[in-house]
Amino acid sequence: GWVYGLMGEKEKAQKILEDLKAKPEQGQSNAWGIAWVYVGMSEHEKAILFFEKSLEQAIENYWFGNYKYFITKFDDLEVLHSFSRFQALLEKVNSYQVASMN
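Procedures and definitions
Residues numbered from 1 in each chain as written. Predicted model: local features only at pLDDT ≥ 70, side-chain atom pairs only at ≥ 80, totals over all residues. Heavy atoms only, no water. Salt bridge = Lys/Arg side-chain N within 4 Å of Asp/Glu carboxyl O. Buried < 20%, exposed > 50% of the residue type's maximum accessible area, 1.4 Å probe, protein only. Helix = DSSP H or I, 4+ residues; strand = E, 2+ residues; numbered from the N terminus. Polar contact = N/O pair within 3.5 Å; in protein donor to acceptor, adjacent residues only side chain to side chain. Contact = heavy atoms within 4.5 Å. pLDDT = per-residue confidence, 0-100. Patch = residues over 30% accessible without salt bridge, like charges linked within 9 Å, V, L, I, M, F, W, Y side chains within 5 Å. Areas by Shrake-Rupley, 256 points an atom, 1.4 Å probe, with all protein chains shown as cover.

## Looking at the pattern of salt bridges
Part 1 of the reasoning: Taken as a whole and judged by the stated rule, the model has six salt bridges.
Part 2 of the reasoning: When the shortest N-O distance is used, the salt bridge between Lys-46 and Glu-43 registers 3.2 Å.
Part 3 of the reasoning: Judged by its relative accessible area of 42%, Lys-46 is partly exposed.
Part 4 of the reasoning: On the basis of relative accessible area, Glu-43 is assigned to the buried category, the value being 18%.
Part 5 of the reasoning: Where Glu-52 meets Arg-85, a salt bridge forms, and the shortest distance between an N and an O atom there is 2.7 Å. In this pair, Glu-52 sits in helix 4 (residues 44-60) while Arg-85 sits in helix 6 (residues 84-95), placing the two residues 33 residues apart along the sequence.
Part 6 of the reasoning: Assessed through its relative accessible area of 22%, Glu-52 is described here as partly exposed.
Part 7 of the reasoning: Look at Arg-85 and you get partly exposed, because its relative accessible area is 32%.
Part 8 of the reasoning: Residues participating in the shared-partner salt-bridge network are Lys-10, Glu-43 and Lys-46.

The following block contains the structure:
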């Protein structure tokens, strides 16, 4: 969906977005994937909203380390760096402490 958005094929990106949004009804959720489709479609506020939701999922599913790496290292997300809401998300990510499992 992200690539279709970048290519300007909004209808194809929208179809993938609808499929991803239907996943919670099927017991699955992919806020990270939804966020990327919105990035590709240049709908930045919606992308940030779903990156915030994907942070919650990352913490719940114990893949915060991967989340932190990808949210801070992907050059493709530089377009979001001018948004104060995305900056707040990055600050939250960088300040989050993973609890010890001991």
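From this point, the narrative continues.
## Quick word on the side chain of Glu-43
Part 1 of the reasoning: Here Glu-43 shows up in the loop between helix 3 (31-40) and helix 4.
Part 2 of the reasoning: Of the polar contacts made by the side chain of Glu-43, one reaches the side chain of Lys-10; its length is 3.4 Å.
Part 3 of the reasoning: With sequence-adjacent residues up to four places away left out, Glu-43 is seen in contact with Lys-10 and Tyr-38.

## Quick look at the confidence of the model for the protein chain
Part 1 of the reasoning: With 89% of its residues at a pLDDT of at least 70, the protein chain reaches an overall mean of 87.
Part 2 of the reasoning: The least confident element of the protein chain is helix 1 (residues 2-6), whose mean pLDDT is 86; the most confident is helix 6, at 95.

## Considering a nonpolar patch on the surface
Part 1 of the reasoning: A cluster of nonpolar side chains, namely Val-3, Tyr-4 and Met-7, defines an oily patch on the protein surface of about 270 Å² accessible area.
Part 2 of the reasoning: When its relative accessible area of 31% is taken as the criterion, Tyr-4 is described as partly exposed.

## Here's the deal with unusual backbone geometry
Part 1 of the reasoning: With phi around 60 degrees, Ser-42 is a residue other than glycine that occupies positive phi space.
Part 2 of the reasoning: Among the structural elements, Ser-42 can be located in the loop between helix 3 and helix 4.
Part 3 of the reasoning: Look at Tyr-62: it is not a glycine, yet its phi comes out positive at around 60 degrees.
Part 4 of the reasoning: By secondary structure assignment, the location of Tyr-62 is in the loop between helix 4 and helix 5 (64-73).

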